[in-house]
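Coordinate inspection notes
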Number of protein chains: 2
Amino acid sequence: MLRPPLSVLTADLPSTVPFVGPEAQERARGAAFKARIGANESVFGPSDGVIAAMQAAAPDMWKYCDPENHDLKQALAAWHGISPDNICIGEGIDGLFGTTARLFVDPGTRVATSAGAYPTFNFQVAGAGGEIVTCPYVDDREDPASLLALARREGARLIYLANPDNPMGTWWRAGEIQAMIDDLPEGAVLCLDEAYGEFAPAGTMPDLDVHNPQVLRFRTFSKAYGLAGLRVGYVIGEAQVIKAYDKIRNHFGVNRMAQVAAEAALADEDWLDTVVVRVHAARSEIVRIAHENGLEALPSATNFVAIDCGHDGPFAKALLDSLIQQGVFVRMPGVAPLNRCIRVSAGREDDLDIFEQALPKALAAAHG
Amino acid sequence: MLRPPLSVLTADLPSTVPFVGPEAQERARGAAFKARIGANESVFGPSDGVIAAMQAAAPDMWKYCDPENHDLKQALAAWHGISPDNICIGEGIDGLFGTTARLFVDPGTRVATSAGAYPTFNFQVAGAGGEIVTCPYVDDREDPASLLALARREGARLIYLANPDNPMGTWWRAGEIQAMIDDLPEGAVLCLDEAYGEFAPAGTMPDLDVHNPQVLRFRTFSKAYGLAGLRVGYVIGEAQVIKAYDKIRNHFGVNRMAQVAAEAALADEDWLDTVVVRVHAARSEIVRIAHENGLEALPSATNFVAIDCGHDGPFAKALLDSLIQQGVFVRMPGVAPLNRCIRVSAGREDDLDIFEQALPKALAAAHG
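Every value quoted in this text rests on a predicted model; they were computed, and no experiment measured them.

Attention now moves to the overall build of chain A. Check the secondary structure of chain A and you find 13 helices and 12 strands. For 368 residues, the compact-globule estimate of 2.2 N^0.38 gives 21 Å, and the C-alpha radius of gyration of chain A, at 21 Å, lies within 12% of that figure. Dimensions of chain A along its principal axes, counting C-alpha atoms only, are 55 × 55 × 50 Å. A burial count over chain A gives 59% of its 368 residues as buried. When contacts within chain A are restricted to residue pairs at least 6 apart in sequence, long-range pairs at least 24 apart make up 73% of them.

If you want it as structure tokens, here you go:
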């Protein structure tokens, strides 16, 4: 056999990696990062209670996880005031995007998103044979009107929009998103990524409507709940659509530790409030640091701030490279004109001190 | 929109669940099982050192996992004496079967397995649009000669064989498996599931040959390593084939806790030896209990024993139902003539005491 008999769908796909992890960068530079504020993780961590729940559950890891995710699903249903039948839990939103793509995308199916929006969604669509079509951000926001027009023109079956947005941190009000939902083309499904929803002002996320089969709402324990390492996300949707996930999902994919920790995290509302307050304070600090270095910061409804470095992509990249070299893990958007920015996640005081010390040198390096 | 616009591939698939978990059965019966010896988990658990490693890692769960699984992959490569390029780590063997099916299977692609063999493999193949073709077990073993003939006749692109086998516990010697490998049809890839390999006699698993693109070897931390709840498996294969997994896998799918625990477990060779000794002792106990109840037990190279209940499927099912009712979680094969058996996992002394007490009543119930 000269080459493996790969499927038509996958034979010509590249072996890409949607994100290089900070660990790989640490291995490449031969040193650990001093500040890990690049992946929009919650440096404030899970609460002590959630940590204790994980530690107590450790001896039980010989048992397979519940493939129905029953207890966590019940807790989420109660939290949202919906039925468990409207929820599918998966291995992070990334894992759910994989299942969603396979559920809706045939080879050649068009899928609409914004140029520079979340790349793992595109990766998963490509893996199902779909064809990504894009429209630009408008004023650093994913643009509902452009997306709807694009979807109509291209006959897109899925439309992706993150609200609040990653990587820019911008957002729309609930009414504007609801207007988009009301105007969805026949036969199109909106994948509404609300990973950062907990950090947004009240009135950012539209009310749930679990009777609408055209809308899927994606939520996660990776951001505000501080459990990125455990990979737990969920999708809320109309019951028949949600039931379809059972056709192909890895039923045992959300592991036992993840289920235990997510359930404990959901119950700890005080910690969620604490984290949100800390994130708001950290955002203000990042804005202050940007301003003191003569840079503009974009308004943010997330746990990160996009700093406009004031020039083009190569300039921001040079600045970012210097930060990385100085031990500060940050990331930046990949597409112009978004890539005039770097993206800095909310950090603890010491993380932001390190960033504050490194930024002037990085600016000088980029200018030099 | 009257119905969700599902892909052609998934629209007609059933929303099946490959396995109902014991938790679902516990919810249905309104009481916890007294003995959990039905899912071939390791009741002996992970070692104290692995538990401590998990507990120490709990506060770090705010960090995303390394998408390259670098440290665990290096450790596995050293353990096996192969290159990390020959290993892909996934969310249990189940998760890897999903990726494997998508990598190799086009709609209508034939895939050969044995009637009654591991159902999740079939589930994943169906999810990729493949068509399962089967041949029977011969003398309670998956039969290499039958599988090869079937694959030739049907032009199968994948062939599944578990050695040792689940659900029967039977096995082939390495030389017999090697002969099958040497005789694989052009263009066919053997998925050799060795989840239970650590429990088998020396000389059961053929030597690794990472230069052969026609063989994929699947291993897991769910059985001997006692980490079923964390979902870590890996596949060993030729480097180009392994690289193809990066095309579509959920790169962040193996979570941080899983990576930490698996690495610690791999390093603890003493515990592995201890578990294997305990499993062998438990198997002997299960055989003794079967014999004392007038039943035959099949020889086993796994961490479970198939007990031949001496009659047909409905009889074994009645016996199983009584065991379940008495609080003993066990399972049974789904296909005749394998379904004359029940499958009992290696348990601790108290688990097997409970089983021993329940079996005579279950036999009486089945006869009655």
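Further remarks concern the domain arrangement of chain A. Residues and elements named next belong to chain A. The domain architecture assigned to chain A consists of domain 1 (19-45 + 270-367) and domain 2 (49-267). A separation of 25 Å is found between the C-alpha centroids of domain 1 and domain 2. Counting residues at the interface gives 23 residues for domain 1, matched by 22 residues for domain 2. Broken down by secondary-structure element, the contributors of at least two residues to the side of domain 1 that touches domain 2 are helix H11 (269-292) and strand S10 (304-308).

With that settled, consider the packing of H11(A) against helix H13 (residues 349-367) of chain A. Residues and elements named next belong to chain A. Where H11 contacts H13, the two axes come as close as 10 Å, and the packing angle between them is 10 degrees. In this view, H11 runs roughly parallel relative to H13, as classed from their interaxial angle. Seen along the crossing, H11 lies across H13 with a hand that is right-handed. Mapping the contact onto sequence places Ala282, Glu285, Ile286 and Ile289 in H11 and Leu352, Phe355, Glu356 and Leu359 in H13. Taken together, the residues of the contact of H11 with H13 sort by class into 6 nonpolar, no polar and 2 charged.

Next up on the list: the packing of helix H5 (residues 92-104) of chain A against helix H6 (residues 119-127) of chain A. Residue and element names in this part refer to chain A. Packing of H5 against H6 brings their axes to within 8 Å, and their N-to-C directions diverge by 35 degrees. Crossing of H5 against H6: the hand is right-handed. For the pair formed by H5 and H6, the contact residues are Asp94, Phe97, Gly98 and Ala101 on the first element and Thr120, Phe121, Gln124, Val125 and Gly127 on the second. Taken together, the residues of the contact of H5 with H6 sort by class into 4 nonpolar, 4 polar and 1 charged.

Turning our attention to the relation of the copies chain A and chain B. Related by rotation about an axis and a shift along that axis, the two copies of the chain form a pair. Least-squares fitting of chain A to chain B yields an RMSD of 0.0 Å, with the transformation described by 0.0 Å of translation along the axis and a rotation of 180 degrees. Taken together, the turn and the small shift mark the pair as related by a two-fold rotation axis. Using C-alpha coordinates, one finds that chain A approaches the rotation axis most closely at A:Gln55, a distance of 2.3 Å.

This part takes up the interface of chain A and chain B. Taken together, the contacts link 79 residues of chain A with 78 residues of chain B. Of all the elements in the fold, those that place two or more residues in the side of chain A that touches chain B are helix H1 (8-11), helix H2 (22-29), helix H3 (48-57), H5, helix H9 (239-244) and helix H10 (256-267) of chain A. If one sorts the elements of the side of chain A that touches chain B by residue count, H5(A) sits on top with 7 residues. Across the side of chain A that touches chain B, the residue classes tally to 39 nonpolar, 21 polar and 19 charged.

This part is about the pairing of strand S5 (residues 158-162) of chain B. In the case of a regular strand, side chains alternate between the two sheet surfaces. Residues and elements named next belong to chain B. Burial analysis of S5 places 5 of its 5 residues in the buried class, which makes it a mostly covered element. Covered by surrounding structure in S5 are Leu158, Tyr160 and Ala162 together with Ile159 and Leu161, the residues of both alternating faces. Pairing geometry for S5 and strand S6 (residues 189-193), over 5 bridges, is parallel. Its bridge partner being in S6, Ala162 is matched across the sheet by Asp193. Crossover handedness for the path S5 to helix H8 (residues 174-182) to S6: right-handed.

With that out of the way, let us pick up the sheet that holds strand S7 (residues 215-220) of chain B. Residue and element names in this part refer to chain B. Overall, mixed pairing links the 7 strands, which are arranged S2-S8-S7-S6-S5-S3-S4 in an open sheet. Only two strands of the sheet have a single neighbouring strand rather than two, namely strand S2 (87-90) and strand S4 (131-135). Going across the sheet, the axis of each strand differs from the next one's by a mean of 25 degrees, ignoring polarity. Pairing between strand S3 (residues 110-114) and S5: 2 bridges, direction parallel. From the neighbouring strand, Ala112 faces S5, where its bridge partner is Ile159.

The end-to-end C-alpha separation of helix H5 (residues 92-104) of chain B is 19 Å, in line with the 18 Å expected for 13 residues at 1.5 Å each. Of all 13 residues in H5(B), 13 are buried; the element is thus mostly enclosed.

Let's shift gears to H3(A). Residue and element names in this part refer to chain A. Listing the buried residues of H3 in full gives Val50, Ala53, Met54 and Ala57. Taken around the axis of H3, the buried residues stretch over an arc of 100 degrees, which confines them to a single face. The secondary structure elements touched by the buried residues of H3 are H10.

Residue and element names in this part refer to chain B. Strand order in this open sheet of 3 strands is S9-S10-S12, and the pairing throughout is antiparallel. Looking at which strands have only one partner, the edges of the open sheet turn out to be strand S9 (296-297) and strand S12 (341-345). Two elements, S9 and strand S10 (residues 304-308), share 2 bridges in a ladder whose sense is antiparallel. Residue pairing in the sheet places Ala297 in a bridge with Ile307 of S10.

The biggest cluster of nonpolar side chains holds 252 residues, and the ones touching the most others in it are A:Ile159, A:Leu227, A:Ala261, A:Val328, B:Ile159, B:Leu227 and B:Ala261. In this structure B:Leu227 touches A:Met61, A:Trp62, B:Pro46, B:Phe221, B:Ser222, B:Val232, B:Ala261, B:Ala262 and B:Ala265, once residues within four positions along its chain are discounted.

On to unusual backbone geometry, then. The omega angle of the peptide bond from A:Asn163 to A:Pro164 is 0 degrees, so this bond is cis rather than trans. Mapped onto the elements, A:Pro164 comes out in the loop between strand S5 (158-162) and helix H8 (174-182). A positive phi is found at B:Asp140, a non-glycine position, where the angle reads about 65 degrees. By the element assignment, B:Asp140 lies in the loop between S4 and helix H7 (144-154).

For the rest of this paragraph, the subject is the environment of A:Ala290. Residues and elements named next belong to chain A. Secondary-structure assignment places Ala290 in helix H11. Spatially, the C-alpha atom of Ala290 lies 9.8 Å from that of Ala306, the residues being 16 residues apart in sequence. Discounting chain neighbours no more than four positions away, the residues touching Ala290 are Leu295, Glu296, Ala297 and Ile307.

This part covers the pairing of S10(B). Residues and elements named next belong to chain B. With respect to burial, S10 is a largely interior element, 4 of its 5 residues being buried. Where S9 folds back onto S10 in an antiparallel hairpin, the turn is made up of 6 residues. Bridging between S10 and S12 involves 5 bridges; their strand directions are antiparallel. Pairing of Ala306 across the sheet is with Arg343, part of S12.

Moving on, we get to the confidence of the model for chain A. Per-chain confidence: chain A averages 97 in pLDDT, with 99% of residues scoring 70 or above. Across the interface, the model reports ipTM at 0.97; the global pTM reads 0.97.

Right, let's get into the environment of A:Trp171. Residue and element names in this part refer to chain A. Along the chain, Trp171 falls in the loop between S5 and H8. Along the chain, Trp171 and Gly197 lie 26 residues apart, while their C-alpha atoms are 9.7 Å from each other. Apart from the residues within four sequence positions on either side, Trp171 is in contact with Asn163, Pro164, Asp165, Ala200, Thr204 and Ala301.

What counts, and at which threshold
- Residues numbered from 1 in each chain as written.
- Chains lettered and ligands numbered in written order.
- Predicted model: local features only at pLDDT ≥ 70, side-chain atom pairs only at ≥ 80, totals over all residues.
- Helix = DSSP H or I, 4+ residues; strand = E, 2+ residues; numbered from the N terminus.
- Rg over C-alpha atoms; globule rule 2.2 N^0.38 Å.
- Buried ≥ 20, exposed ≤ 12 C-beta atoms within 10 Å, placed from the backbone.
- Contact = placed C-beta atoms within 7 Å.
- Domains from an automatic or database assignment.
- Axes fitted to C-alpha atoms, helices over the stretch in contact; angles between N-to-C directions.
- Parallel < 35°, antiparallel > 145°, perpendicular 65-115°, else oblique.
- Left-handed = near helix turned anticlockwise from the far one by under 90°.
- Nonpolar A, V, L, I, M, F, W, Y, C, P; charged D, E, K, R; others polar.
- Least-squares fit on C-alpha atoms with pLDDT ≥ 70 in both.
- Pairing = 2+ DSSP bridges.
- Right-handed = clockwise from strand over helix to strand, strands pointing away.
- Expected span 1.5 Å × (residues − 1).
- Arc of directions from axis to C-beta.
- Core = buried A, V, L, I, M, F, W, Y, C linked by C-beta atoms within 7 Å.
- pLDDT = per-residue confidence, 0-100.

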